[in-house]
Amino acid sequence: MPAVISCVMPVYNAEQYLSAAVESILSQNYPYFELILVDDGSTDSSPALCGEFSRKDDRVKLLSRPNGGAAAARNAGLAAATGRYLTFVDADDILKPGAFAAIARAAASSPDLISYGFEWREEEKTTPAVYPAFQCGLEGFWEHFVGYYQANQFFSLCNKAYKLDTVRQAGLSFNTALRTGEDIAFNFAFWPHIGRMVHLGESFYEYWVHPSTLTHAATLDNLVTSQRVLDQMEAFVTAAGHPELAAPLIESQRPHDALSFYTLLLDRTKSYPLAKRKAALAALFESDVWYPALLKGLESIPGLYGKYLRLAARRKSPALACLPLRLRGAK
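Each value, and the rule that gives it
Residues numbered from 1 in each chain as written. Predicted model: local features only at pLDDT ≥ 70, side-chain atom pairs only at ≥ 80, totals over all residues. Heavy atoms only, no water. Phe/Tyr/Trp six-rings, centres within 6.5 Å; stacked < 30°, edge-to-face > 60°. Helix = DSSP H or I, 4+ residues; strand = E, 2+ residues; numbered from the N terminus. Buried < 20%, exposed > 50% of the residue type's maximum accessible area, 1.4 Å probe, protein only. Lys NZ or Arg CZ within 6 Å of the ring centre and 35° of its normal. Core = buried A, V, L, I, M, F, W, Y, C linked by side-chain atoms within 4.5 Å. Contact = heavy atoms within 4.5 Å. Pairing = 2+ DSSP bridges.

Before we go on, may I ask you to explain the packing of aromatic side chains in this structure?
This structure, assessed with the given rule, holds 35 aromatic pairs. Consider the rings of F134 and Y148, whose centres lie 5.9 Å apart with planes at 75°: the pair is edge-to-face. Of this pair, F134 sits in strand β8 (residues 134-137) while Y148 is found in helix α6 (residues 145-150), placing the two residues 14 residues apart along the sequence. Judged by its relative accessible area of 0%, Y148 falls in the buried class. Taking the centre distance of 5.4 Å and the plane angle of 45° together, the rings of W142 and F236 count as tilted. Separated by 94 residues along the polypeptide, W142 in the loop between α5 (138-141) and α6 and F236 in helix α9 (residues 222-239) bring together distant segments of the chain. Of the residues examined, W142 reaches a relative accessible area of 8% and is grouped as buried. Under the relative-accessibility criterion, F236 is labelled buried at 10%. One aromatic cluster is present, formed by Y131, F134, F141, W142, F145, Y148, Y149, F154, F155, F188, W191 and F236 through successive ring pairs. Over the ring of W290 we find R254; its NZ or CZ atom is 5.3 Å from the centre of that ring.

Shown next, in the form of structure tokens:
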């Protein structure tokens, strides 16, 4: 039987996690799938591992290309896919048992999109991200949109199975010009083409939080990405005739994103030069939009550390905020 599910996995220097990720797919109890490994110019042992998997299991296809980033690698996998539904798994994550069987059951009614819950895993800590099950057409989706969005179900590629015909008929691909957020942009572009979707209330995916991996790597342009996503969301709901949904989502999202960016700039495990950290902090403090959001977000930080962060922010002092970094020997 031909593949029903095409699973695309971009691979870049993932030798430490790749075997567990691939085995989580090959051990699925639903056999009608293809796994497309896209080696994106890895310089570690990932190409050899990919080659070994492709030789041992004829469900595994290997594509090798010069390094071009996750978006380009996903585009290569999309072009090579032959299944009815397209899924994505990152090379440092885990697809949970029963995922493909659940997708196949939902695919029997031929929806344009199947989505499901997931969880973040960081060592022994697990944080679920789930939303109750529902089925609907695009118009019916709007009664779920705010809850679905706030439950982090909308953003990711990896908790979804896309009907491949719908993707190709819409002429969709990943924007290779975006360093971050290309997955979110793809979802915003795909959603208007949905005739019907099915959301499964169960969790079938594990995001493993690794400090140095591409999926979870923070960058100094995170705030630019955050603003772009909020702009896309506002344009998305406005074009759909529901502009009233944008304001409450923006109000709840901005303090979270501003706080995440602020604490990123103070994270001594990141290798950003001190001068760049200070410049990014100064830009944050001078922003008429993001600075008030930061002050609101800082209200949630308890204890002396919270007081210190609020003091630095209120004084708008990059030097004060970065003081712990200098004390710890940051360069």
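Would you explain the nonpolar core in this entry?
One recurring pattern in soluble globular proteins is that nonpolar side chains are buried together. Ranked by size, the top nonpolar core spans 111 residues in total, and within it M9, F145, M233 and Y262 carry the most contacts. Per-element tally for this core: the top contributor is helix α10 (residues 246-265), with 9 residues. Once you skip the residues sitting within four places of it in the chain, M233 turns out to touch F145, Y149, F188, A246, L249 and I250.

What am I meant to see in the pairing of strand β6 (residues 113-122) here?
Looking along a regular strand, one sees the side chains alternate between the two faces of the sheet. Within β6, 8 of the 10 residues are buried, which leaves it mostly tucked inside the rest of the structure. One ladder, built from 8 bridges, connects β6 with strand β10 (residues 196-208); its direction is parallel. Residue pairing in the sheet places G117 in a bridge with S203 of β10. Relative to strand β7 (residues 125-129), β6 is paired through 5 bridges, and the arrangement is antiparallel. When the bridges of β7 are listed, E119 appears paired with P128.

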